[in-house]
Amino acid sequence: MSVSRRPGLTVEYSSVHEVRGPLLVLRDVSGVGWDEFAVITAGDEAAPRHGLVLEVDRDAAVVQVL
């Protein structure tokens, strides 16, 4: 998953802690803020999906897949 902070700057995370319906819970994140856009990829052949960071708490983030 890549989180776009501003044009030309992205933060990338490769592991998801939990999936609950359209929500992804990521652990050990830093540099991610509330209401940022995300691009989610699931393997080489899957089409990228878009998401939105709903909540950030210490080192965890919840992303809604749109």
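Residues numbered from 1 in each chain as written. Predicted model: local features only at pLDDT ≥ 70, side-chain atom pairs only at ≥ 80, totals over all residues. Heavy atoms only, no water.

(A) Representation of the overall build of the chain in the model. Looking only at helices and strands, the chain has zero helices and seven strands in total. Secondary structure elements of the chain occur, N-terminal to C-terminal, as β-β-β-β-β-β-β. Counting the 66 residues in the chain, one finds 30% classified as buried. Considering only residue pairs separated by 6 or more positions, the chain has 39% of its internal contacts joining residues 24 or more positions apart. Of the roughly 4,700 Å² that the chain leaves accessible, carbon and sulfur atoms contribute 51%. (Helix = DSSP H or I, 4+ residues; strand = E, 2+ residues; numbered from the N terminus. Buried < 20%, exposed > 50% of the residue type's maximum accessible area, 1.4 Å probe, protein only. Contact = heavy atoms within 4.5 Å. Areas by Shrake-Rupley, 256 points an atom, 1.4 Å probe, with all protein chains shown as cover.)

(B) Spotlight on the nonpolar core. In this structure, Tyr13, Leu24, Leu26, Val29, Val32, Ala38, Ile40, Val53, Ala61 and Val63 together form the largest nonpolar core, which totals ten residues. Secondary structure elements with two or more residues in this core: β4 (23–27), β5 (37–40) and β7 (60–65). (Core = buried A, V, L, I, M, F, W, Y, C linked by side-chain atoms within 4.5 Å.)

(C) Inspection of the pairing of β4 at higher detail. Bridge count between strand β3 (residues 18–20) and β4: three bridges; the pairing is antiparallel. Within β4, the residue paired with Glu18 across the bridge is Val25. Where β3 folds back on β4, the antiparallel hairpin that results is connected by two residues, among which Gly21 adopts a positive phi of roughly 60°. The pairing of β4 with β7 spans five bridges and is antiparallel. Across the sheet, Val25 pairs through a bridge with Val62, a residue of β7. (Pairing = 2+ DSSP bridges.)

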